[in-house]
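Coordinate inspection notes
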Amino acid sequence: MHNNKHVQLKKQRKNALELLKHWEKALTLKNQLEQSTYFTKEKVKCDESN
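Conventions we followed
- Residues numbered from 1 in each chain as written.
- Predicted model: local features only at pLDDT ≥ 70, side-chain atom pairs only at ≥ 80, totals over all residues.
- Heavy atoms only, no water.
- Helix = DSSP H or I, 4+ residues; strand = E, 2+ residues; numbered from the N terminus.
- Rg over C-alpha atoms; globule rule 2.2 N^0.38 Å.
- Buried < 20%, exposed > 50% of the residue type's maximum accessible area, 1.4 Å probe, protein only.
- Areas by Shrake-Rupley, 256 points an atom, 1.4 Å probe, with all protein chains shown as cover.
- Expected span 1.5 Å × (residues − 1).
- Salt bridge = Lys/Arg side-chain N within 4 Å of Asp/Glu carboxyl O.
- Patch = residues over 30% accessible without salt bridge, like charges linked within 9 Å, V, L, I, M, F, W, Y side chains within 5 Å.

**Some details on the overall build of the protein**
In terms of helices and strands, the protein carries one helix and zero strands. Here the C-alpha radius of gyration of the protein, 22 Å, is well above what a compact globule of 50 residues would show, namely 10 Å. Summarising its shape, the C-alpha atoms of the protein cover approximately 75 × 5 × 5 Å along the three principal directions. Residues classed as buried in the protein amount to 0% of the 50 residues present. Of the roughly 5400 Å² of accessible surface on the protein, 60% is carried by carbon and sulfur atoms.

Quick look at the structure:
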């Protein structure tokens, strides 16, 4: 019984870590996207004022 519970916990932990990695990647991509969007907007502002 104890052994089975332990295996389940290990599985859950592994799944949680996978999920975290996935979220980390998604957040990194989101940040990169927001940054490039921001830079593009700023550039357009500069171009318009010149």
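**Focus on helix α1 (residues 2–49)**
An ideal rise of 1.5 Å per residue puts 70 Å on 48 residues; α1 measures up with 70 Å between its terminal C-alpha atoms. Among the 48 residues that make up α1, zero are buried, leaving the element largely open to the surroundings.

**Examining the pattern of salt bridges**
Per the stated rule, a full pass over the model turns up four salt bridges. For E42, the salt bridge goes to K45, with nearest N and O atoms at 3.2 Å. In this pair, E42 and K45 are both assigned in helix α1, three residues apart and thus about one turn of the helix distant. Take K45: its relative accessible area is 52%, and that puts it in the exposed class.

**With respect to a nonpolar patch on the surface**
Taken together, L19, W23 and L27 make up a surface patch of nonpolar side chains, about 340 Å² in accessible area. Assignment of secondary structure puts L19 in helix α1.

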